[in-house]
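Working through the structure, step by step
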Amino acid sequence: MKSEMMNYYRKGNAMKSFSNYKKFLLLWAGELISSIGGGLTNFGLGIYIFHKTGSATGMALLGLIGFLPMLLLRVPAGVLADRYDRRLLMMIGDGCSGLGVLYILLCMMDGNAEMWQLYLGVAISSCFSALMDPSFTATVTDLLTKEEFSKANGLVSMAGSSRFLFSPIIAGFLLAVSDIKLLLIIDICTFFLTIISTAVVRKGLVSKPAEVRESFLQSLKEGWNAIHSKEGLFLLILISAAIELCLGVFQILAEPFILSFTNEKTLGIAETICASGMLVSGLVLGARGIKKGFARKMSFALMFSGIFISGFAVTSNIFLVCLFGFLFFVSLPVANNCIDYLARTNIPDELQGRAWGLIGFISQMGYVVAFALSGVLADEIGRVTGSGVRGGSAAVIIVSGLSLAVISISILFVKKIHRLEVCPQ
């Protein structure tokens, strides 16, 4: 009788887990669509600014203005994700971020948009996007078991990469027959689909009641303690910031590097070919996941990522550029998957929102440095050497790739990080 009861509860838990995984897939599908739409806007604005300014600095500045508000607001957004309905916060954040895109569209309908108008629209969108990210990450934890995290991380990584995988080639062909306004309209339409999918998941998921028992600063302090008191976790986050710096340089300068010797249609095709490496890794990780050796696999994946980044900028042969870019995007999701697992399994469930807000803030400071310096360095090196945007961008990309490889090798010898996978919460 006892055995039958145990089997009954096991089956019940399995059915509940399967049901929650279906909800995760619906939520993931909404984020996939939203990411593709956002990628269309990012690609179109990047092309628009490059043709208008002719420099890597202009593209980097737009990225910085879009990224900085999201980074600064990420921490308070994480606290809100632990206090209130996470699904509702996602709907508000994703829906209202469309206002910035709508503003840019209206400015362009009125004629050629000024640079400050583009910056303002991107900043508005970024502010509301900050509200969504910690809530989405914490919702994944709400829905899934620890055994499902690795598989889910592969799919989440693939959704995030869709802005590089699908958006560029779609945008490249659309720009050949229309202009940036069409890309903005499509992006605005995707917000409605994302809100609907989140609303469906919210309807079928019981949210914890909002219990505000401590002050905002106290909540923030608890999130800080969650990531700082765990041996090795905070070190992993600091290393992640250095990694984000190297990856940020590549992300910012890859487009002006390719545009310096080809057109936007070829750029779109090249970006899609490169990012298809993420699709390969995402599908494999989504089906199989990673079972063990997270720290070691993270180190090797990052090492190869750095080597491939450097190879990407060695030549202006578009076929070799695509090859190295593809290999880079194959290895990157493996590293992201490992970092996500090591952090997620070492943070208590009730602190996930505020902890991820802080993790995002600290680690992505590397991106801020990359946005602030990479474009200026590339343009200055190109001016001094006489090699232009192509030579300056290539030099900075190569140095960042080699730096990433050195950082990744050092992780192999940090025992505190290796211990994170053997003593999760």
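The notes below deal with the structure included here. (Residues numbered from 1 in each chain as written. Predicted model: local features only at pLDDT ≥ 70, side-chain atom pairs only at ≥ 80, totals over all residues. Heavy atoms only, no water.)

A few words on the overall build of the protein. Of the regular secondary structure elements, the protein holds 17 helices and zero strands. Here the C-alpha radius of gyration of the protein, 21 Å, is about what a compact globule of 425 residues would show, namely 22 Å. If you line up the protein on its principal axes, its C-alpha atoms span 80 × 50 × 40 Å. Taken over 425 residues, the protein has a buried fraction of 55%. (Helix = DSSP H or I, 4+ residues; strand = E, 2+ residues; numbered from the N terminus. Rg over C-alpha atoms; globule rule 2.2 N^0.38 Å. Buried < 20%, exposed > 50% of the residue type's maximum accessible area, 1.4 Å probe, protein only.)

On inspection of all chains with the given rule, the structure shows 12 aromatic pairs. Here the aromatic rings of W224 and F234 are separated by 5.3 Å at their centres, their planes lie at 70 degrees, and the arrangement is edge-to-face. With a gap of 10 residues between them, W224 in helix α9 (residues 216–228) and F234 in helix α10 (residues 233–259) connect regions that are remote in the sequence. The class of W224 is partly exposed, set by a relative accessible area of 34%. Arranged with centres 4.9 Å apart and planes meeting at 80 degrees, the rings of F250 and F312 form a pair that is edge-to-face. (Phe/Tyr/Trp six-rings, centres within 6.5 Å; stacked < 30°, edge-to-face > 60°.)

Here we come to a nonpolar patch on the surface. A surface patch of nonpolar side chains, amounting to about 560 Å² of accessible area, comprises F300, F304, I307, I409, L412 and F413. Per-element accounting of the nonpolar patch gives the leading share, three residues, to helix α12 (residues 294–312). Note on placement: I409 falls in helix α16 (residues 388–411). (Patch = residues over 30% accessible without salt bridge, like charges linked within 9 Å, V, L, I, M, F, W, Y side chains within 5 Å. Areas by Shrake-Rupley, 256 points an atom, 1.4 Å probe, with all protein chains shown as cover. Salt bridge = Lys/Arg side-chain N within 4 Å of Asp/Glu carboxyl O.)

Moving on, we come to helix α2 (residues 56–72). Because the α-helix completes a turn every 3.6 residues, residues three or four places apart line up on one side. With 17 residues, α2 extends 24 Å from end C-alpha to end C-alpha; this agrees with the ideal 24 Å at 1.5 Å per step. Among the residues making up α2, those that are buried are A56, G58, M59, A60, L62, L64, G66, F67, P69, M70 and L71. (Expected span 1.5 Å × (residues − 1).)

Moving on to the pattern of salt bridges. Within this structure, the stated rule accounts for three salt bridges. R344 is the partner of D340 in a salt bridge, and the nearest nitrogen-oxygen pair spans 3.0 Å. Residue D340 and its partner R344 are both found in helix α13 (residues 318–344); the two are separated by four residues, about one turn of the helix. By relative accessible area, D340 is classed as buried at 17%. Judged by its relative accessible area of 4%, R344 is buried. Here R383 and E380 are joined by a salt bridge, their closest N and O atoms 2.5 Å apart. Note that R383 and E380 are positioned in helix α15 (residues 365–385) at a spacing of three residues, about one turn of the helix. For R383, a relative accessible area of 59% puts it in the exposed group. Owing to a relative accessible area of 37%, E380 belongs among the partly exposed residues under this scheme.

Before going further, it helps to spend a moment on the environment of V376. Among the secondary structure elements, V376 is positioned in helix α15. Judged by its relative accessible area of 47%, V376 is partly exposed. For the pair V376 and N337, spaced 39 residues apart in sequence, the C-alpha separation works out to 32 Å.

Secondary-structure assignment places F24 in helix α1 (residues 2–53). Relative accessible area serves as the criterion here: at 0%, F24 is assigned to the buried category. Once the C-alpha coordinates of F24 and T198 are considered, the two residues, 174 residues apart in sequence, prove to be 9.8 Å apart. Beyond its immediate sequence surroundings of up to four residues, F24 is in contact with V140, L143, L144, A152, L155 and V156. (Contact = heavy atoms within 4.5 Å.)

Turning our eyes to something else, we now look at α15. Counted at 1.5 Å a residue, the expected span for α15 with its 21 residues is 30 Å, and the 30 Å between its end C-alpha atoms agrees. The largest bend in α15 is about 30 degrees, located at L373. For α15, the set of buried residues is G366, Y367, V368, A370, F371, S374, G375, A378 and G382. The secondary structure elements touched by the buried residues of α15 are α2, α10, α14 (352–363) and α16. Looking one or two residues beyond α15, the residue adopting positive phi is G386, at roughly 75 degrees. (Bend = angle between axes of the 7 residues up to and from the residue.)

A few words now on the packing of helix α4 (residues 86–109) against helix α8 (residues 180–203). Two elements in contact, α4 and α8, have axes whose closest approach is 9 Å; the angle formed by their N-to-C orientations is 165 degrees. With respect to α8, the element α4 is oriented roughly antiparallel. α8 is crossed by α4, and the crossing has left-handed handedness. Class assignment of the residues belonging to the contact of α4 with α8 gives a composition of 16 nonpolar, five polar and five charged. (Axes fitted to C-alpha atoms, helices over the stretch in contact; angles between N-to-C directions. Parallel < 35°, antiparallel > 145°, perpendicular 65-115°, else oblique. Left-handed = near helix turned anticlockwise from the far one by under 90°. Nonpolar A, V, L, I, M, F, W, Y, C, P; charged D, E, K, R; others polar.)

Let's shift gears to the packing of α15 against α16. Where α15 meets α16, the axes come as close as 7 Å, and the angle between the chain directions of the two elements is 120 degrees. With respect to their mutual orientation, α15 and α16 come out oblique. At the point where α15 passes α16, the crossing takes the right-handed sense. Side by side, α15 and α16 meet where L377, A378, D379, I381 and G382 of the first sit next to G388, V389, G392, S393, A395 and V396 of the second. Broken down by class, the residue content of the contact of α15 with α16 amounts to six nonpolar, four polar and one charged.

Turning our eyes to something else, we now look at the nonpolar core. Ranked by internal contacts, the top residues of the largest apolar core, which has 99 residues, are M108, L118, I227, F312, I347 and I417. Among the elements that make up this core, the one with the highest residue count is α10 (16 residues). Not counting the four nearest positions on each side in its chain, I417 is found in contact with G232, L235, L236, I239, A295, M298, L342 and I411. Counting residues in hydrophobic clusters, the runner-up holds 17 residues, among them Y21, F136, V140 and F149. (Core = buried A, V, L, I, M, F, W, Y, C linked by side-chain atoms within 4.5 Å.)

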